[in-house]
Each structure stands twice: as C-alpha cells, then as structure tokens.
Amino acid sequence: MKRSSHTPRRGHILDIAANVLAERGYRDTTMLDVAKRASASKETLYAWFGDKLGLFEAVIRRNAVRVRVALNGHLDSDISVETTLTDFGRALATHLLCDNAVSINRAAIAEAHSGPALAHSLGRVGRDPIRRAFVQYLEQCHARGLLNVEDTDEAVDTFVGLLLGDFQTRRLLGFVDAPGEADVEGRATRAAEYFLRLYALPPLGSLRES
C-alpha cells in the first residue's frame with residue numbers, strides 16, 4: 001500500500017496512540033491497545049510501524065516535522081528575522097506545551113532509567129532535527145550579517161529559554177494547563193524581540209551615521 005493512500009488513516013492511528021500513552025504510560029501501552037482503540041488490526045500497526053517504539057517514533061517525528069516546516073519555509077528567503085523567529089517560536093511552543101508532547105515527555109522521563117529507548121528516540125527524531133534546522137537558520141543569518149551569533153548552541157538555548165522559561169517544566173509536573181493561542185503568541189513575540197536585542201546587528205547605515 002502506498003503511503004499516500006493511508007496517510008489520513010495513519011494520522012488517526014498516531015493520534016490514538018498518543019491518547020493511549022497519556023492514559024497508560026509507555027510501559028503499559030501495547031500495540032493491541034492502540035489497534036483496538038483505532039479499530040485497526042494489530043497486523044496493520046506492525047506492518048506500518050514495526051513495533052511499539054516505531055509507533056511512538058512516528059508520533060514524535062510527525063510533531064517535529066510540523067515545527068521544522070514553520071522554519072524551513074523561511075530559509076533563504078527575504079522574510080525578516082523577527083517574523084521568522086516569531087513564527088518558529090509559535091510553532092515550537094505550541095508543540096512542546098501541548099498535551100501530546102507533554103505525555104510523550106513524561107513517558108520518556110518515567111522510562112529513562114529502566115528503558116531509555118523512548119528518551120533516545122525523542123532526542124534523535126524529535127529534538128535533534130529541530131535544533132539542527134534552527135542552527136542552520138542562525139548560521140545563515142550570521143553569514144548574511146543579520147545576527148552576531150558566534151556560538152550557535154548558546155544562541156539556541158537562549159532563544160528556547162526566552163520562549164519557555166520554566167513553563168515546560170511546570171507543564172510536565174501538571175502545575176499548569178496548556179497555554180492558549182494568545183499566550184503562545186505573546187511568548188513567541190517576546191522571545192523574538194528579546195533575542196534580537198541580544199544578537200541583532202545594527203544596519204550598516206546606522207553604523208555609518210554613528
């Protein structure tokens with residue numbers, strides 16, 4: 001079966017898998033649980049995803065792609081750095097603070113000592129590709145004379161810190177609910193503004209005038 005013919009069905013199964021994970025945790029979730037909830041056969045899940053880890057890697061990968069799309073569309077474009085950072089921050093905050101991502105992170109943390117496979121997958125197919133895409137963008141801005149970013153790793157950490165603060169930790173601990181659109185928008189806008197105060201280079205014209 002071609003991927004294009006079962007993409008909607010696949011997406012439905014990934015949504016169901018995330019819901020079951022939130023209810024039962026990674027260790028107690030089985031492929032049969034997901035198959036029954038999704039009205040699918042267990043054989044279909046194994047054919048599409050290989051095993052339980054492959055299933056949740058697909059969930060993680062889908063979420064990460066949504067964030068990278070928001071950034072990749074701005075690479076090699078004339079869109080302002082502030083707009084790009086705001087769009088990226090909005091997508092990243094929406095992803096990291098939603099119930100789906102919180103459930104996966106909680107499960108990865110719970111299993112990190114006894115079975116770290118999910119945590120490793122979360123880094124490999126989730127965090128790392130997003131980080132590489134952002135590093136690429138910052139390096140491009142540095143090369144074009146738009147940002148003064150000597151240490152990209154530090155700059156990435158700075159932006160994420162400005163965007164999330166300790167809100168993600170409080171989400172993981174269950175102290176706060178998922179933020180609304182207005183809160184996410186405010187976080188993204190402020191993070192972009194403060195980041196540019198730290199890293200933006202002044203226009204050449206202003207340098208000549210001074």
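Worth saying up front: this structure is predicted, and the values here are computed from it rather than measured.

We now examine the pattern of salt bridges. A side chain with one charge may pair with a side chain of the opposite charge, provided their charged atoms come close. A full pass over the atoms with the stated rule returns 14 salt bridges. Residue glutamate 57 is joined to arginine 124 by a salt bridge in which the shortest nitrogen-to-oxygen separation is 2.5 Å. Taken together, the residues span a long stretch of sequence, with glutamate 57 in helix H4 (residues 52–72) and arginine 124 in helix H7 (residues 117–143) at a distance of 67 residues. Residue class for glutamate 57 comes out buried when judged on its relative accessible area of 11%. For arginine 124, a relative accessible area of 48% corresponds to the partly exposed category. Close ionic contact of arginine 197 with glutamate 193 constitutes a salt bridge, the shortest N to O distance being 2.5 Å. With arginine 197 and glutamate 193 both in helix H10 (residues 181–199), this residue pair falls four residues apart, about one helical turn. On the accessibility criterion, arginine 197 (60% relative accessible area) is exposed. Residue classification places glutamate 193 among the partly exposed residues on the basis of a relative accessible area of 32%. Via salt bridges that share partners, Asp87, Arg90 and Glu185 belong to a single interconnected network.

This part is about the environment of arginine 144. Note that arginine 144 resides in the loop between H7 and helix H8 (152–164). Remark: the alpha-carbon pair of arginine 144 and serine 121, spanning 23 residues in sequence, is separated by 34 Å. The contact partners of arginine 144, leaving out residues within four places of it in the chain, are Ser77 and Asp78.

Time to look at the nonpolar core. Counting 36 residues, the largest nonpolar core has Leu85, Phe134, Tyr137 and Leu147 as the members making the most contacts within it. Elements supplying a minimum of two residues to this core: H4, helix H5 (81–97), H7, H8 and H10. Of all the elements, H5 adds the most residues to this core, at eight residues. Sequence-distant contacts of leucine 85, that is, excluding residues within four places in its chain, are made with Phe134, Tyr137, Phe159, Ala192, Phe195 and Leu196.

So, about the packing of aromatic side chains. Within a pair of aromatic rings, the relevant descriptors are the distance that separates the centres and the angle that separates the planes. Under the counting rule described, the total for this entry stands at seven aromatic pairs. Aromatic pair tryptophan 48 and phenylalanine 49: ring centres 6.3 Å apart, planes at 80°, arrangement edge-to-face. By relative accessible area, which is 8% here, phenylalanine 49 ends up buried. An aromatic cluster of three or more residues is present, and its members are Phe88, Phe134, Phe159, Phe195 and Tyr199.

This brings us to the side chain of arginine 171. Checked against the element boundaries, arginine 171 lands in helix H9 (residues 167–172). Arginine 171 has contacts with Leu97, Cys98, Asp99, Val102, Arg106, Val176, Asp177 and Ala178, leaving out every residue within four places of it along the chain.

So, how was this worked out
Residues numbered from 1 in each chain as written. Predicted model: local features only at pLDDT ≥ 70, side-chain atom pairs only at ≥ 80, totals over all residues. Heavy atoms only, no water. Salt bridge = Lys/Arg side-chain N within 4 Å of Asp/Glu carboxyl O. Helix = DSSP H or I, 4+ residues; strand = E, 2+ residues; numbered from the N terminus. Buried < 20%, exposed > 50% of the residue type's maximum accessible area, 1.4 Å probe, protein only. Contact = heavy atoms within 4.5 Å. Core = buried A, V, L, I, M, F, W, Y, C linked by side-chain atoms within 4.5 Å. Phe/Tyr/Trp six-rings, centres within 6.5 Å; stacked < 30°, edge-to-face > 60°.

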